[in-house]
Amino acid sequence: MIARRSPIILLALGASVAMLTGCASGGDAGFCGPLHDEHETAAVAFAPLIPGMNTEADVQSRLDLVEKVEPTPELAGDLDVWKGYLTVAADSITDDATAVIDAYDDDVAASGQVLSDYYTGTCLQ
C-alpha cells in the first residue's frame, strides 16, 4: 500500500515545489529572480540618480544588479537604454554631476518607468 501511494505523494510534492518556484520569481525568473535576490537594491534600481545624494557605490550596485537581469523581448530595448544611463552615471557621478543629469533624458525616463512598472506589476505580485 505504501509503495502505491509514494509516486502520488512525490508527484504532488514536485508540483508544489514547481508552483512555489514560479511564485517566488513573480512569474518571470529571468527578470525577477535577480531582483528578488537583491530586493533592497531592486527597490531603487530603476529610479533616477541624484548627484550628491547617490554615491558611486550606489550606482555600481544598481548597474551590477541590472546586468544580471534577463529581459523579456519586449523589455530588451528599455533595459539597454537603462544600462547605458547607469554606465554613464557610474563613470561620472563623483566628477561630473551635469553629465548624470544630462544623461537622464526622456528616453531614459521612459525606459526606467517601463522597467519599474514591470518590476512592481510582475515581480512583486
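Relevant structure appears above.
The sections below set out a description of the structure shown in this document. (Residues numbered from 1 in each chain as written. Predicted model: local features only at pLDDT ≥ 70, side-chain atom pairs only at ≥ 80, totals over all residues. Heavy atoms only, no water.)

1. With respect to helix α2 (residues 29-37)
Given 3.6 residues per turn, any residue in an α-helix points the same way as the ones three and four places further on. All buried positions along α2 are accounted for by F31, C32, G33, P34 and L35. On the buried face of α2, the contacting elements are α3 (39-42), α4 (56-68) and α7 (106-123). (Buried < 20%, exposed > 50% of the residue type's maximum accessible area, 1.4 Å probe, protein only. Helix = DSSP H or I, 4+ residues; strand = E, 2+ residues; numbered from the N terminus. Contact = heavy atoms within 4.5 Å.)

2. Some thoughts on helix α5 (residues 76-92)
In a regular helix each residue adds 1.5 Å, so 17 residues correspond to 24 Å; α5 covers 24 Å between its end C-alpha atoms and thus fits that length. Along α5, the residues that are buried comprise D78, L79, W82, Y85, L86, A89, A90 and S92. (Expected span 1.5 Å × (residues − 1).)

3. Quick notes on the environment of W82
Note on placement: W82 falls in helix α5. Between the alpha carbons of W82 and L63 there is a distance of 9.1 Å; along the sequence they are 19 residues apart. Each residue touching W82, except ones within four places of it in the same chain, is listed here: A45, F46, A47, P48, V66, Y104, V108, G112 and L115.

Just distances and angles here, no functional claims.
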